[in-house]
Amino acid sequence: MEKTTKNGIHRIRQEGGKTIAWAEESGVKVLEKDGYYFKDLAKTGELLPYENWRLSDEERAADLAGRLSIEEIAGLMLYSPHQAVPPMPGGPFQGTFDGKTYLESGKEPYAISDQQKEFLEDEHIRHILLTNVESPEISAKWSNELQKRAETLPYGIPINLSSDPRNGAKDSGAEFKSGGSEISKWPEGVGFAACFDPEVAGQFAKDASREYRALGITTALGPQIDLCTEPRWMRFVDTLGEEVEMSKKLTKAYCDGMQTTEGEADGWGKDSVNTMVKHWPGGGTGEAGRDAHYAFGQFAVYPTGNFEEHLKPFTEAAFHLDGPTDCASAVMPYYTVSYGVDKKNGKNVGNSYSEYLIKDLLRGKYEFKGIVCTDWGITQDPEKTIEGFGSRCYGVQDMTEAERCLLAITNGVDQFGGNSESGPIVEAYKIGCEKYGEKAMRERMELSAKRLLINIFHCGLFEDPYLDPEESAKIVGCEEFCRHGYEAQQKSIVLLKNSAKRAPEGQKGVLPLKKGLKVYIPERKIGPSKAFFRIDLPAKTEDPLPDGLPSKYGTRVASPEEADVALVFIESPACNPYSTEDLANGGNGYLPITLQYRPYTAKKAREVSIAGGDFRENFTNRSYLGKTNTVYNEADLDNILECRRAMGDKPVIVCATVNNPMVMHEFEAEADAIVAEFGVSRAAVLDVVFGGYNPTGRLPIQMPKDMDAVEEQSEDRALDMETYIDSEGHNYDYGYGMNYEGVLPAWKK
């Protein structure tokens, strides 16, 4: 046995028992029983079952759930809005300290805000969503401050911090760097699919779980395992691809790696991070690619009746893991209305409000026993306009917020994302008592409390929730994890084209480029656009390599005339799918989502949409047939064509950030080489271009022949597009890729 005290945290390490830790200022005492020590979190002077780490997590959670008031259970059922540490003035996630902004307050960056104190103490919230943090050390200190305060409150229930995916490398610079100040950087979700190697996703999960725990995070809001069968969907790049068998393998590797603590019989312990797989029953089938964050994109459709395939990453992977934890801890339904799926009740409502999808399928047929947590902000009243961000109580807008909560709870939902007020859940309980009886409602609420508490017990937080900030700084972004991430970035990059036309002597293609060349890199021009929150953004110009071209590769020059080679960085086309101007001019507001750069007129769209029916619209046909749309970044294509003209017989290399499949015929013939990447650093791309890594990645998607092919494919069907065949006869289909020697061998399942 070893007793230590550091930074006001007492810790007892027990041979043959659990390590326990508590804060001096929390007032927690320690109980000794049978030669072991236990925390007296309830401050009763006796060892209660939930305080006894010798009992199972299920027994402890059931005991504590039975002790909680309805108000305390309601607090457990809330998931906080996004929290930034510290919350900077002018940022999207605000906070005050004694009524002052962070900069005015003079507080430490890890101080707890007024709002955080309120939702901990008054609303009984214990699940908090973390976004930006100043540094790993600050995050660890903030986590400790939260846990100290929670330990002073009734029953001492620890904080379960969560995070959306935070290891994406897209914004990384041109130089590979590692160190303790930044988290390791990896490809985006579909980039893991491009590796065609589940072990890469597994390694990421193992490394990320260590980093998450060092930051205080014990729940990952992911992986996103929707089958991305609709190529226009804005969340395409976050998924694990559209091929179901590969998606299942990646899902298992990800969840097992995140949740498993090596050496523990049941897999749960100090390195475990709960996974919340999303989005049940699959969000990748939005009609015409529109997204359900917005009411104009609320409908998921299944034109070929392929609903069952979209369940498989959940039912055949996430719910049946190969590792000892057995099943993903939690599931998040998507915002969507899964149109026409509910044959039992015939109701088209948001997924969390669907008795058929949650109670009958998820809880019933597939026997999911973990947490069901709604996506963020579904219970609030809808906004007046269909374009407003936050109008997501789809199909239940005539109910009160409390009635919506009760409907979701009776379906089997345990938790409400983005809600910080317990009042509606308490009111839902009261309505439920009148409708179902107090005994039944108390049992139902306790069941959710038990599920929620089990995940906190799984990660060992009741015994030791405290971090050593110095140790956290060493773990997060350590050299080993950064190296693993960088190797994964390289492995995910796909070489689509490597023409021999301008290849140096002795090479089969123009790549790799020789180091030391003079390189011209045009700036990117992006027109006025809509941000994620539907805010208007002005036009801008950006440098693809703001840190410059590292000298180990070559010299950047100001014009094509000076250059030996042009390197053109582009992103896949992006556009606005809904126009208030069109609506004001007598249209229905709906525009085609285009995957080509030049203006697109939808000549093969549906004459009548499959889905429709919103209380703010006096029509149900959302068709955009015959309408034209333009993209924000059309100038990316101009850059390629202008470089081709200016470079003459010198090579033009295109490096494409692929957020969605692209129509390639507009520029492919003008490029000597095309490198596709899925959210990696510029350094990893430059390695492929200049010979630092012979590419191994394959397309985890299909590249469409044209926009007609996009319109003719079905939102619910994988790999059903007519694909593009380039000027050298290569088919840009799923599994295609090249290395410096030529086309990779055909991919086989």
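Treat the numbers as computed from the prediction; the structure is a model and nothing was measured.

### Examining the overall build of the protein
Per the secondary structure count, the protein includes 19 helices and 30 strands. The globule rule puts the C-alpha radius of gyration for 749 residues at 27 Å, and the 27 Å found for the protein is close to it. Counting every position in the protein, which comprises 749 residues, the buried fraction comes to 62%. Only carbon and sulfur atoms are counted for the fraction: they give 47% of the accessible area of the protein, which is about 28,000 Å². On the protein, the mean spot of the 85 positive side-chain charges and the mean spot of the 118 negative ones are 1 Å from each other.

### A look at the packing of aromatic side chains
Tallied over the entire structure, the rule returns 35 aromatic pairs. Between the aromatic rings of tryptophan 186 and phenylalanine 192, the centroid separation amounts to 6.4 Å while the plane-to-plane angle is 40°, which identifies the pairing as tilted. Aromatic pair tryptophan 186 and phenylalanine 204: ring centres 5.3 Å apart, planes at 70°, arrangement edge-to-face. A residue pair is termed long-range when its members are at least 10 positions apart, and tryptophan 186 in the loop between strand 9 (160–163) and helix 6 (189–195) and phenylalanine 204 in helix 7 (residues 198–215) qualify at 18 residues. Since its relative accessible area comes to 1%, tryptophan 186 is described here as buried. Connected via pairs of aromatic rings, a cluster forms that spans Tyr294, Phe296, Phe389, Phe532, Phe533, Tyr578 and Tyr590. Over the aromatic face of tyrosine 335 sits the side chain of arginine 392, whose NZ or CZ is 4.6 Å from the ring centroid. The positively charged end of arginine 392 is found above the aromatic ring belonging to phenylalanine 389, 4.4 Å away from the centroid.

### Comments concerning a negative patch on the surface
Together, Glu58, Glu59, Glu264 and Asp266 make up a region of like negative charge exposed at the surface. Tracing the sequence through the fold places aspartate 266 in the loop between helix 8 (244–259) and strand 11 (274–280).

### A word on the packing of helix 7 against helix 8
Helices that pack against each other are described as a pair by the angle of their axes relative to one another and the distance between those axes. As a packed pair, helix 7 and helix 8 sit with axes 7 Å apart at the nearest point and diverge in direction by 25°. By the angle between their axes, helix 7 is roughly parallel relative to helix 8. Taken as a pair, helix 7 and helix 8 cross one another with a handedness that is right-handed. On helix 8, the residues touching Pro198, Ala201, Gly202, Phe204, Ala205, Lys206, Ala208, Ser209 and Tyr212 of helix 7 are Met246, Lys249, Leu250, Ala253, Tyr254, Gly257 and Met258. Grouping the amino acids of the contact of helix 7 with helix 8 by side-chain chemistry returns 11 nonpolar, 3 polar and 2 charged.

### Quick notes on the sheet that holds strand 9
The strand order across the open sheet built from 7 strands is 7-8-9-10-11-13-15, with neighbouring strands paired in parallel fashion. If you trace the sheet from one side to the other, it starts and ends with strand 7 (82–85) and strand 15 (371–372), each paired once. Of the pairings in the sheet, the one linking strand 7 to strand 8 (residues 127–133) comprises 3 bridges and is parallel in character. Within the sheet, the bridge partner assigned to valine 85 lies in strand 8 and is valine 133. Along the sheet face, helix 5 (residues 136–152) touches strand 7, strand 8 and strand 9 and points at about 155° away from the line of strand 8.

### What about the pairing of strand 4 (residues 29–33)?
With 5 bridges joining them, strand 4 and strand 5 (residues 36–40) adopt antiparallel strand pairing. By the bridge assignment, lysine 29 is partnered in strand 5 with aspartate 40. Hairpin connection of strand 4 to strand 5: 2 residues between the antiparallel strands, including aspartate 34 at a positive phi of 55°.

### Remarks on the side chain of arginine 60
Its place among the elements puts arginine 60 in helix 1 (residues 57–67). With a relative accessible area of 2%, arginine 60 lands in the buried category. Only 3.4 Å separates the side chain of arginine 60 from the backbone oxygen of asparagine 52, close enough to count as a polar contact. Once residues within four sequence positions are removed from consideration, arginine 60 is found in contact with Pro49, Tyr50, Glu51, Asn52, Trp53, Leu55, Phe457, Phe462 and Glu463.

### Details of the nonpolar core
Grouped together as the largest cluster of nonpolar side chains are 206 residues, with contacts concentrated most on Trp280, Leu453, Leu496, Leu511 and Phe667. Residues Ala288, Tyr600, Ala602 and Tyr624 belong to the second largest nonpolar core, which totals 10 residues.

### Some thoughts on empty space enclosed by the protein
In total, this model carries 8 cavities of 30 Å³ or more according to the counting rule given. A volume near 100 Å³ is recorded for the largest cavity. Taken together, the residues of the lining of the largest cavity sort by class into 5 nonpolar, 1 polar and 2 charged.

### Points about helix 15 (residues 479–492)
Taking 1.5 Å of rise per residue, 14 residues should cover 20 Å, and helix 15 covers 20 Å from first to last C-alpha, within 8% of that figure. Looking only at helix 15, the buried set comprises Phe481, Cys482, His484, Gly485, Tyr486, Ala488, Gln489, Gln490 and Ser492. Looking at the buried side of helix 15, the elements it contacts are helix 6, helix 7, helix 14 (469–475), strand 17 (494–498) and helix 18 (682–689).

Quick notes on the rules
- Residues numbered from 1 in each chain as written.
- Predicted model: local features only at pLDDT ≥ 70, side-chain atom pairs only at ≥ 80, totals over all residues.
- Heavy atoms only, no water.
- Helix = DSSP H or I, 4+ residues; strand = E, 2+ residues; numbered from the N terminus.
- Rg over C-alpha atoms; globule rule 2.2 N^0.38 Å.
- Buried < 20%, exposed > 50% of the residue type's maximum accessible area, 1.4 Å probe, protein only.
- Areas by Shrake-Rupley, 256 points an atom, 1.4 Å probe, with all protein chains shown as cover.
- Lys, Arg positive; Asp, Glu negative; His and termini not counted.
- Charge placed at Lys NZ, Arg CZ, Asp CG, Glu CD.
- Phe/Tyr/Trp six-rings, centres within 6.5 Å; stacked < 30°, edge-to-face > 60°.
- Lys NZ or Arg CZ within 6 Å of the ring centre and 35° of its normal.
- Patch = residues over 30% accessible without salt bridge, like charges linked within 9 Å, V, L, I, M, F, W, Y side chains within 5 Å.
- Salt bridge = Lys/Arg side-chain N within 4 Å of Asp/Glu carboxyl O.
- Axes fitted to C-alpha atoms, helices over the stretch in contact; angles between N-to-C directions.
- Parallel < 35°, antiparallel > 145°, perpendicular 65-115°, else oblique.
- Left-handed = near helix turned anticlockwise from the far one by under 90°.
- Contact = heavy atoms within 4.5 Å.
- Nonpolar A, V, L, I, M, F, W, Y, C, P; charged D, E, K, R; others polar.
- Pairing = 2+ DSSP bridges.
- Polar contact = N/O pair within 3.5 Å; in protein donor to acceptor, adjacent residues only side chain to side chain.
- Core = buried A, V, L, I, M, F, W, Y, C linked by side-chain atoms within 4.5 Å.
- 1 Å grid on protein atoms, 1.4 Å probe; cavity = no way out; pocket = protein on both sides within 12 Å on 5 of 7 lines; lining within 4 Å.
- Points joined across faces, edges and corners; volume = space filled by probe spheres on them.
- Expected span 1.5 Å × (residues − 1).

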